[in-house]
Amino acid sequence: MSTDTNADAREQLIELAAEFYDQFEEGDVPQMTLPTRTKSNIEYDEDENVWVYGDRQSTRSAKSVRGARKLLKAIYTIDFLAEQLDEDRSSTLRELYYLSESWETDEAQFNNQDESNQLIEDLEIVSEVKREDFHMRPEESGAKVMGPLLLREQTNRGDRDIHCQKDVGQGGYQIPNNPDTIEFLDNDAEFVLCVETGGMRDRLVENGFDDEYNALVVHLGGQPARATRRLIKRLHDELDLPVTVFTDGDPWSYRIFGSVSYGSIKSAHLSEYLATPEAQFIGIQPEDIVEYDLPTDPLADSDINALESELEDPRFQTDYWEEQIELQLDIGKKAEQQALASRGLDFVTETYLPERLSEMGVL
Amino acid sequence: MTSFQSTLGEESEIAEELAESQRQISIAEFFEKNKHMLGFDSGARGLVTAVKEAVDNALDAAEEAGVLPDIYVEIEEVGDYYKLVVEDNGPGITKEQLPKVFGKLLYGSRFHAREQSRGQQGIGISAAVLYSQLTSGKPAKITSRTQGSSEAEYFELIIDTDNNEPEISVEETTSWDRPHGTRIEMEMEGNMRARQQLHDYIKHTAVVNPHARLELREPKEHFKFERATDRLPDETEEIRPHPHGVELGTVLKMLEATNSHSVSGFLQEEFTRVGSKTSDSVIDNFRDRHFGREMAWEPPRDGADIAAAVSDATANKGADATDAFAEEIAEALTDHDRVAYHQIVETVSDAAEAVGDGFGVTFGSTVQENAVEAAWDAVLGVSDEADEDVPDGRRRADLYGLVDEATSTRKDDATVESLASRIANRFRNDEDDRDRLTHDELAEYVDWAAERTAEREDASIGDTARENVVEAVWSVMERVPDEVPKVSDLADNRDASSELLDAMRATDIMAPPTNCLAPITDELVEAGLKKEFDADFYAAATRDAEVTGGDPFIVEAGIAYGGELPTDGKAQVMRFANRVPLVYQRGACATTDVVKDIGWRNYNLDQPGGSGIPNGPVVIMVHIASTNVPFTSESKDAVANIPEIEDEIELAIREAARDLKSFLKKRRSMEKRRKKQDVLTNILPEMAEKVSDVTGNEQPDISDAMARIMNNVRVGRDLKENGDGQKVSVTVENHSNASESLEVTDIVTAEPTGLSDGATAVEMDGEWFVKWSVDVGSGDDATLTYETDTDASFDLDVDGVETEKLTVNNEH
């Protein structure tokens, strides 16, 4: 990693601190302005085809005790990050949370990790420096890739060339925290297939789906980590591969697709960098539940609420999604990916996916 | 056991035997057996009650003499007993009165007085003497010195309980260092288990008597309560009783004692708010009750029958004179719409005089009586010659009209007819030929008639209909002119006196005057609270006088909050009646009930469940001043639940509590502000420090930002070298939402010159006080400038803004 980016990131952080300093000196109340990070303040960026934050701003101001505490934590975090960059080291979000315990003032300590995670995101937004460039990484690194792709990864121990089928075990290639350290060398892939659950990924790998269809199977593992989303984006942009997403058939899974495709509300400031607007949803669609007569669970109240809130989510306001969500509300049922096994273990690889993929024009 | 056989024959002997053991018991003897009624039920309580009685007496005595009370109470353990000494600086008691005051129950000057005073019955102190002699067997030792006498009187006495008289064992003169006053020493059984109540009593007495100095020395502790004011309570004027506030026994006693002969004189002399007009109204009402009214009947429209009847009844007066006499009477009577018996008597006597004068004849009393009877019968239509079939005569028709009008149209004619007929019948058969009835008798007629009619004719006549009939008839009946009995006749006529009392109560009479009351006043209630409770907030309210049962009363309330008052547990409720603390029977008192019923949450106090005594550092005091405080018992521990008094207690408390509410609201917001400031004064400097760390700059000055955050008023000083001296600028920045008026004082150790902005400088002991008054609008600032020596030092002091809202930057 270049010291240039380090110095750059550090510069940005110190600029932030200097702003606080000036505010004090002017006799102004120190404050930090951020875009409001709620679903009501995201809008579609027509140029980039992603959802980004709108114009509404929130102010963290020292005028209230809460705001003052936040700003104090921010300056402590800035101090810590600046030092970390100086020493070219990195730490995890969780480590930051625990580290705050060692800060000399109790007021600066984080109450929980959500708070410290959020603060890092705040700093990303105001400094316009990505978390990865602060050398902050999540606890769990990105998920795994399996498929016909040869790449080169810069590691602490030097560059490694890895083929994501031949050089890896059954588990696949582990995506590093900062996928920008990867260089794509060669591939035979036809498309990217993102899979929500580990069980389904294993089924596809066991059935040799990646080999048969030249698919890059990317395991999302629930809400995909940034690194995963970044890699998907790069696979699409740099290798020009179509991206498909295969999840459970419930509102929570639609959000997983949403964050791959449209970007998440929390990181809408990074949508351009993380989101793959061209990603396509395979299923399970509510339509499939009916068509394939899948075993289902009834929708819980929280599912219904989630579906209804998705209907109001600007990211889901397309004809396709409105139709699917309303259908699901209508039938009152949801189904897991594994429910396809009710038609036999090979049904998913031999029938469902080929059918859906050709329908979508990927195959 | 004796057998019935032997006793049955000797009944008279038994009765005699019993009679022998029956005798009158003295009041003293009665209370000896019923100590609890006076608050001497236990040793602990007895001691407190004795102190209370003696102190109440002492305060009353001093105040009456116009002396600021100075009272000393001492309790000392003496072997198995406690010795109680109470000394006052009152006027002293004369040698003649002294034994009776202390040695005779129910001897007192106040029982009959309508005036606010602590004691009322003349029981208290002598009951204490009685209690001491009963428990210790020792006499009470009393010293008293009246103003101007060279020596004090000293008595040792006990109460002879058989005949409620003092029994003096020692009587001598002695010397005493007080110029005037009274000292009583009693030994009694007791214990100090009620120490808390004793302290409460003395402390509470001090609160409501801010003009008194009190001292208590008991075996363990010693307290002094100094005066908060030199103002004696306003002197009260004794008022006569109010006609609505007396009972029959009192009326009888007053009738016995009065110098008036006539009832009118008695009413005007002995009662308050009774003048001649009111007295006339009372007497009219009394006449109605005592004599009843006479039924007035419609006379026949044609006077011929009356004239004929009178003429027939008059003999030997010559035809012309007789005719003239009869004509005159007939004419006068037919002029009336209705005629009562006494009006006929009057008319006949007038005619006798007029016609007699004209014709030179005398119509004597027999002639007049005959004429009256004849005219009356003619009016009633019941003369002997009249038709025997209608013995009721004209009465029935007359009553039919009244009844018909008074009852609803749904009553059928036959029912009205029967009812009227039966009432007429009762009139006819009454022994009193004058048709004279009291209201009660009339009601009985109507009831009887209605019952009969219901029984025989199967018609229902309800209570309302009956009442309407009674009122219709009563309203046409005439008040009689009879002379009301003299006072001397009433005094031993219980029934007539009761009728008089009824008449008094039925008459509208103005409320009694209130100069008989001496409220503490809200100002002194507050002063009293301030004196005894170290709190942050005090409020008090005094209500206007109100009346219940003829006794005027005033309620006052005070509230103290915060400070050193205990924060855990319930509020302390202090109850007072006529400046006397009530320490027992809290739960039975109207005051406590009212306090519990108030929703204290509305006043920002904690009240679990929304009712009951509130929690927190609160003292609530209520004082009821009245000429007659209605206690629940003789021991005077609790005020009875009289609705008028409860209403006033509530209003007084609410009035005081309103101020508490705004205080607590402000205090809460100030507390929040203080908390915020506390946190921020912690956070912001750390933030500033870190910011300077990260940026590598010097620590920024955060005071302006701080003042802005807190919406504070910031006062800061800035110094600038200016030739030999320095220029000083004191700047006020108002970051608050309202304009502020400040009083800024900068204390400078060298002479300031060139003061700007109307500021002044005053020198004191080598220091100059630069005073500057300034108004600064919200968001504005103002600057004071002056010059002084470079080596001067400064000290800034700001008034007019709450400390929570003020940031003073005193650096140079």
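Of regular secondary structure, chain A possesses 13 helices and 17 strands. With 363 residues in all, chain A has 56% of them scored as buried. In the structure as shown, chain A presents an accessible area of about 16000 Å², 39% of it carried by carbon and sulfur atoms.

Let us now look at the overall build of chain B. Counting its regular elements, chain B contains 24 helices and 25 strands. Counting only residues that meet the buried cut, chain B has 50% of its 812 residues in that class. Of all intrachain contacts in chain B linking residues separated by at least 6 positions in sequence, the fraction that spans at least 24 positions is 72%. With an accessible surface of roughly 38100 Å², chain B has 42% of that area assigned to carbon and sulfur atoms.

Let us look at the nonpolar core. Counting residues in hydrophobic clusters, the biggest one holds 90 residues, and the most contacted among them are A:Ile75 and B:Met687. When residues in this core are grouped by element, the largest group, 11 residues, is from helix α2 (residues 65-86) of chain A. Leave out the neighbours within four places in its chain, and A:Ile75 touches A:Ala17, A:Phe20, B:Met687, B:Lys690, B:Val691 and B:Val694. Among the nonpolar cores identified, the runner-up in size contains 52 residues, and B:Val310, B:Ile329, B:Trp376 and B:Tyr445 belong to it.

We now examine the interface of chain A and chain B. Chain A puts 26 residues into the contact, and the matching count from chain B is 25 residues. Surface buried jointly by chain A and chain B totals about 2300 Å² across both partners, of which 71% is contributed by carbon and sulfur atoms. It is A:Tyr21, A:Phe24 and A:Lys63 that lose the most area in chain A upon contact with chain B, and together they represent 31% of the buried surface on that side. For the interface between chain A and chain B, the tally reads 1 salt bridge. One can count 5 residue pairs in polar contact (both at pLDDT 80 or more) joining chain A with chain B. Elements with a minimum of two residues in the side of chain A that touches chain B: α1 (3-25) and α2 of chain A.

Turning our eyes to something else, we now look at the packing of helix α13 (residues 341-359) of chain B against helix α14 (residues 365-380) of chain B. Residues and elements named next belong to chain B. In the contact formed by α13 and α14, the axes pass within 9 Å of each other and the chain directions differ by 130°. With respect to their mutual orientation, α13 and α14 come out oblique. Along this stretch, α13 crosses α14, giving a crossing that reads as right-handed. For the pair formed by α13 and α14, the contact residues are Tyr341, Ile344, Val345, Val348, Ser349 and Ala352 on the first element and Gln368, Ala371, Val372, Glu373, Ala375, Trp376 and Val379 on the second. Residue composition of the contact of α13 with α14, by class: 10 nonpolar, 2 polar and 1 charged.

Turning to the sheet that holds strand β8 (residues 222-225) of chain B, a few remarks are in order. All names here are of chain B. The strand order across the open sheet formed by 8 strands is β5-β4-β3-β6-β2-β1-β7-β8, and the pairing between neighbours is mixed. Taken across any chain shown, the strands that pair with only one partner, and hence form the sheet edges, are β5 (165-174) and β8. Strand-to-strand, the axes of this sheet are offset by a mean angle of 10°, without reference to chain direction. Across 4 bridges, the pairing between strand β7 (residues 213-217) and β8 is antiparallel. Bridge pairing links Leu214 to Phe225 in β8.

Moving on: helix α7 (residues 195-208) of chain B. Since the α-helix turns once every 3.6 residues, residues separated by three or four places project in the same direction. Residue and element names in this part refer to chain B. In this model, α7 (14 residues) spans 20 Å end to end at C-alpha, consistent with the 20 Å of a helix rising 1.5 Å per residue. Counting buried positions along α7 yields 10 of 14 residues, so the element is predominantly enclosed. Taken as a whole, α7 has its buried residues at Arg195, Leu198, His199, Tyr201, Ile202, His204, Thr205, Ala206, Val207 and Val208.

On to the confidence of the model for chain B. Residue and element names in this part refer to chain B. Averaged over every residue, the pLDDT of chain B is 84; residues scoring 70 or more account for 92%. Per-residue pLDDT stays below 50 along residues 1-9; that stretch engages in 1 contact with residues further than four places along the chain or on separate chains. Scored by ipTM, the complex comes to 0.75, with pTM at 0.57.

The subject of this paragraph is helix α22 (residues 590-597) of chain B. For α22(B), the complete set of buried residues consists of B:Ala590, B:Thr591, B:Thr592, B:Val594 and B:Val595. Packing partners of the buried residues in α22(B) comprise β15 (572-577), β17 (618-626) and α23 (643-695) of chain B.

This part takes up unusual backbone geometry. All names here are of chain A. A cis amide bond links Gly283 to the next residue, Ile284, at an omega of 5°. Positionally, Ile284 belongs in the loop between β15 (280-283) and α10 (286-291). With a phi close to 55°, Glu128 is a non-glycine residue in the positive phi region. Looking at the secondary structure, you find Glu128 in the loop between α4 (113-127) and β6 (136-137). When its relative accessible area of 72% is taken as the criterion, Glu128 is described as exposed. The backbone phi angle of Asp293 is positive, close to 50°, even though this residue is not glycine. For Asp293, the position within the fold is in the loop between α10 and β16 (297-298). Here Asp293 falls in the exposed class, since its relative accessible area comes to 63%.

As a further point, take the packing of aromatic side chains. One pass over the full model with this rule turns up 25 aromatic pairs over all chains. A network of ring pairs unites the aromatic residues A:Tyr254, A:Phe257, A:Tyr262, A:Phe281, A:Phe316, A:Tyr320 and A:Trp321 as a single cluster. One cation-aromatic arrangement involves A:Lys130 over A:Tyr273; the distance from NZ or CZ to the ring centre is 4.0 Å. Over the face of the ring belonging to B:Tyr584 we find B:Arg45, whose NZ or CZ atom lies 3.9 Å from the ring centre.

Residue and element names in this part refer to chain B. Remark: α7 packs on helix α21 (residues 522-532), axes separated minimally by 7 Å, with the N-to-C direction vectors making an angle of 140°. If you check the angle between α7 and α21, you find them oblique. Of α21, the residues touching α7 (which contributes Lys203, Ala206 and Val207) are Gly528, Leu529, Lys531 and Glu532. Grouping the constituent residues of the contact of α7 with α21 by class yields 3 nonpolar, 1 polar and 3 charged.

Residues and elements named next belong to chain B. Note that Arg183 resides in strand β6 (residues 181-188). Measuring from C-alpha to C-alpha, the distance between Arg183 and Tyr154 comes to 9.4 Å, with 29 residues separating the pair along the chain. Here the side chain of Arg183 touches Glu185 through a polar contact of 3.0 Å, side chain to side chain.

Another aspect to go through is the pairing of strand β12 (residues 537-542) of chain B. Residue and element names in this part refer to chain B. Buried residues dominate β12, accounting for 5 of its 6 residues. Pairing geometry for β12 and strand β14 (residues 551-561), over 6 bridges, is antiparallel. What sits directly across from Tyr538, in β14, is Ala560.

Right, let's talk about the environment of A:Thr38 for a bit. Residue and element names in this part refer to chain A. Within the secondary structure, Thr38 is located in the loop between β1 (31-35) and β2 (42-45). Spatially, the C-alpha atoms of Thr38 and Tyr53 are 8.6 Å apart, while their sequence positions differ by 15 residues. Reaching out from Thr38, the side chain makes a polar contact with the side chain of Ser40 at a distance of 2.9 Å.

The next thing to look at is the sheet that holds strand β9 (residues 293-294) of chain B. Residue and element names in this part refer to chain B. Spatially, β10-β9-β11 is the arrangement adopted by the 3 strands of the open sheet, whose pairing is antiparallel. Each edge of the open sheet carries a strand with a single partner, namely β10 (436-437) and β11 (478-479). The sheet contact formed by β9 and β10 spans 2 bridges and is antiparallel. If you follow Arg293 over to β10, its bridge partner there is Leu437.

All names here are of chain B. Residue placement: Gln607 occurs in the loop between α22 and β17. Within the structure, the side chain of Gln607 is placed 2.7 Å from the backbone oxygen of Gly612, a separation counted as a polar contact. With residues up to four places along the chain from it excluded, the contact list for Gln607 reads Lys596, Ile598, Gly599, Trp600, Arg601, Gly612 and Pro614.

Glancing now at the side chain of A:Thr276. All names here are of chain A. Its place among the elements puts Thr276 in the loop between α9 (271-274) and β15. You can call Thr276 buried: its relative accessible area is 1%. Ignoring anything within four residues of it in the chain, the contact list for Thr276 reads Ile232, Lys233, His236, Val243, Val260 and Ser261.

What counts, and where the lines are drawn
Residues numbered from 1 in each chain as written. Chains lettered and ligands numbered in written order. Predicted model: local features only at pLDDT ≥ 70, side-chain atom pairs only at ≥ 80, totals over all residues. Heavy atoms only, no water. Helix = DSSP H or I, 4+ residues; strand = E, 2+ residues; numbered from the N terminus. Buried < 20%, exposed > 50% of the residue type's maximum accessible area, 1.4 Å probe, protein only. Areas by Shrake-Rupley, 256 points an atom, 1.4 Å probe, with all protein chains shown as cover. Contact = heavy atoms within 4.5 Å. Core = buried A, V, L, I, M, F, W, Y, C linked by side-chain atoms within 4.5 Å. Buried area = accessible area lost by both parts, 1.4 Å probe. Salt bridge = Lys/Arg side-chain N within 4 Å of Asp/Glu carboxyl O. Polar contact = N/O pair within 3.5 Å; in protein donor to acceptor, adjacent residues only side chain to side chain. Axes fitted to C-alpha atoms, helices over the stretch in contact; angles between N-to-C directions. Parallel < 35°, antiparallel > 145°, perpendicular 65-115°, else oblique. Left-handed = near helix turned anticlockwise from the far one by under 90°. Nonpolar A, V, L, I, M, F, W, Y, C, P; charged D, E, K, R; others polar. Pairing = 2+ DSSP bridges. Expected span 1.5 Å × (residues − 1). pLDDT = per-residue confidence, 0-100. Phe/Tyr/Trp six-rings, centres within 6.5 Å; stacked < 30°, edge-to-face > 60°. Lys NZ or Arg CZ within 6 Å of the ring centre and 35° of its normal.

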